Amino acid sequence: MFALMQSTRTHALHLAVDPVTGLRAVVAIHDCRAGPALGGCRYLAYPDDESAMVDAIRLAQGMSFKAALAGLPFGGGKAVIIRSPHVENRAGLFEAFGRFIESLDGRYITAVDSGTSTTDMDCVAQQTRHVTSTTAAGDPAPHAAMGVFAGIRATAMARLGTDNLEGLRIAVQGLGNVGYAVAEQLHAAGAELLVSDLDQGKVQLAMEQLAAHPIEPSALPSTPCDIFAPCGLGSILNGQSVSQLRCAAVAGSANNQLTSLQVADQLEKRGILYAPDYVINSGGLIYVALKHQGEAVGTITAHLARIGTRLTEVYAHAQAEKRSPARVAEALAEKLIYA
Ligand code: NAD
């Protein structure tokens, strides 16, 4: 774990257990130079404890990059609560998590992520003020989706020469809080949707409401389409999956889509334009950060609108430097964080 912390330049890793509620939680703080570390809390099952720590560390680094490129006065952090099959008192579990966050003295501010909800954050808020995306503050997912939609249009423009999505075949992997909202906007813009989710109910809803074509989860990445939009969990772009892709571009909300930067080079070699995840999905962070600072809705909306432009700038740099957009975005973010 120390080697990973060193290679990602992660500042600290905090662990907590609470025998009463069964809480087992990890908080990774990547960097606090620009301000307190801000990032969501995942509540998921993991194959082992080490995977949970690795997930938190890698996600926290992504949050630092995301905040830096979005020009937000926050560092990057992420929390993971390891989900066990039986939880008797979910509210109590999140209150215990809130006490853990309070013990970090404001160095980390938490928010919702996969597996958590605004109601969970209300429980956290009973124990600490270092929390965003409570019921009162609002769910970041629709804002993340708004940014992803703008990013998909910018990607279509850069790769296909048009930001008119009408008739484009877009494959959405994962119809959760963000993915479904992205699919709704794509449908409204006239795109033809190919969708998959592990939850058949969500697929059924997309078929009924968005005229989406259902595809088996294992088949979606290799299904021919214009744009593949990964909106489920991370690490779906590896050497093998990239060799099977049959799309012109990859642009979706999932965090940590690439298993390594070499995979980004492989995408580049195949002529597949890749939207760096922490650029295209920064809408959620922008929303929680500005909301936490008490900014008005108009300011937040204007900030969200810049995501497409930022992505276009990354693509232009990448083309000029003949490098993958992922390498360009990482170099820009590191310059901003460590300069
Ligand atoms: P969610 O848990 O609501 O939805 C994820 C969905 O993906 C679920 O419906 C799940 O069944 C599905 N899924 C998982 N693996 C899949 C697979 N292999 N094939 C098909 N479907 C699969 O999560 P969310 O909040 O919508 O977030 C989705 C992604 O976007 C995550 O990576 C998250 O970190 C990232 N993200 C979320 C936000 C936010 O505000 N919620 C902001 C930025 C980035």
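Quick caveat: nothing in here was measured; it's all calculated off a predicted structure.

S.K.: Please clarify how the sheet that holds strand β11 (residues 249-250) should be interpreted in this entry.
M.R.: Hydrogen bonds along the backbone pair up the strands of a sheet, which may run parallel or antiparallel. Taken in spatial order, the 6 strands line up as β9-β8-β7-β10-β11-β12 in an open sheet, and their pairing is parallel. One side of each edge strand has no neighbouring strand; the edge strands of this open sheet are β9 (213-214) and β12 (273-274). Of the strand pairs in this sheet, strand β7 (residues 169-173) and strand β8 (residues 192-196) are connected by 5 bridges, and their pairing is parallel. When the sheet's bridge partners are listed, V172 is paired in β8 with V195.

S.K.: How should the side chain of D55 be read in this particular structure?
M.R.: Positionally, D55 belongs in helix α2 (residues 49-69). With relative accessibility at 17%, the residue D55 sits in the buried group.

S.K.: In this structure, what is going on with the UniProt feature "active site" (unreviewed entry) in the chain? I would like to understand it.
M.R.: In the numbering used here, UniProt assigns the feature "active site" (unreviewed entry) to K78. Examined against the element boundaries, K78 turns out to sit in strand β5 (residues 75-82). Under the relative-accessibility criterion, K78 is labelled buried at 2%. Residues within four places of K78 in sequence aside, it is in contact with V26, V27, A28, G39, G40, A56, L59, A60, M63, Y108, D113 and N255.

S.K.: Explanation requested: the site of the ligand in the structure shown.
M.R.: Residues in contact with the ligand amount to 22 residues; listed here are only the nearest, V178, D197, K202, G232 and N255. S114 is positioned with one of its side-chain polar atoms (N or O) 3.3 Å from an oxygen atom of the ligand. Between the ligand and the protein, one listed contact pairs an oxygen atom with a backbone N or O atom of N177 at 3.0 Å. Elements with a minimum of two residues in the shell around the ligand: α5 (141-160) and α6 (177-188). When the residues that make up the shell around the ligand are grouped by side-chain class, the tally is 8 nonpolar, 10 polar and 4 charged.

S.K.: Which parts of the structure should I look at to understand the packing of aromatic side chains?
M.R.: The way to describe two aromatic rings as a pair is by their centre distance and the angle between their planes. The final tally for this structure, using the stated rule, is 4 aromatic pairs. Arranged with centres 5.4 Å apart and planes meeting at 85 degrees, the rings of Y43 and F94 form a pair that is edge-to-face. In this pair, Y43 is assigned in strand β4 (residues 41-44) and F94 in helix α3 (residues 90-103), connecting sequence segments 51 residues apart. Of the two residues, Y43 and F94, both sit in the buried class. Taken together, the ring pairs in this structure connect Y43, F94, F97 and F100 into an aromatic cluster. Sitting over the ring of Y338, R9 keeps its end group 3.6 Å from the ring centre.

S.K.: Explanation requested: the side chain of D18 in the structure shown.
M.R.: Inspection of the secondary structure assignment puts D18 in strand β1 (residues 12-18). For D18, which is buried and forms no salt bridge, the nearest opposite charge comes from R99, at a distance of 4.6 Å.

S.K.: What exactly am I supposed to notice about the pattern of salt bridges here?
M.R.: Should their charged atoms come close, side chains of opposite charge can pair. This structure, assessed with the given rule, holds 10 salt bridges. With its nearest N and O atoms 2.6 Å apart, the salt bridge here joins D113 to K78. Taken as a pair, D113 in the loop between β6 (108-109) and α4 (118-125) and K78 in strand β5 lie far apart in primary sequence, 35 residues in all. When the shortest N-O distance is used, the salt bridge between R153 and D163 registers 3.1 Å. Taken together, the residues span a long stretch of sequence, with R153 in helix α5 and D163 in the loop between α5 and β7 at a distance of 10 residues. D163 sits in the partly exposed class, given a relative accessible area of 33%. Here the salt bridges share partners, and the residues they tie into one network are R42, D55, K78 and D113.

S.K.: Explanation requested: the environment of G252 in the structure shown.
M.R.: Its place among the elements puts G252 in the loop between β11 and α9 (261-269). Note on G252: relative accessible area 0%, which makes it buried. A sequence separation of 42 residues divides G252 from G294, and the C-alpha atoms of the two residues are 28 Å apart. With residues up to four places along the chain from it excluded, the contact list for G252 reads V148, A229, P230, C231, Q257 and I280.

Reading the values: the criteria
Residues numbered from 1 in each chain as written. Predicted model: local features only at pLDDT ≥ 70, side-chain atom pairs only at ≥ 80, totals over all residues. Heavy atoms only, no water. Pairing = 2+ DSSP bridges. Helix = DSSP H or I, 4+ residues; strand = E, 2+ residues; numbered from the N terminus. Buried < 20%, exposed > 50% of the residue type's maximum accessible area, 1.4 Å probe, protein only. UniProt positions renumbered as here; feature names shortened; annotations may be inferred. Contact = heavy atoms within 4.5 Å. Near = heavy atom within 4 Å. Polar contact = N/O pair within 3.5 Å; in protein donor to acceptor, adjacent residues only side chain to side chain. Nonpolar A, V, L, I, M, F, W, Y, C, P; charged D, E, K, R; others polar. Phe/Tyr/Trp six-rings, centres within 6.5 Å; stacked < 30°, edge-to-face > 60°. Lys NZ or Arg CZ within 6 Å of the ring centre and 35° of its normal. Lys, Arg positive; Asp, Glu negative; His and termini not counted. Salt bridge = Lys/Arg side-chain N within 4 Å of Asp/Glu carboxyl O.

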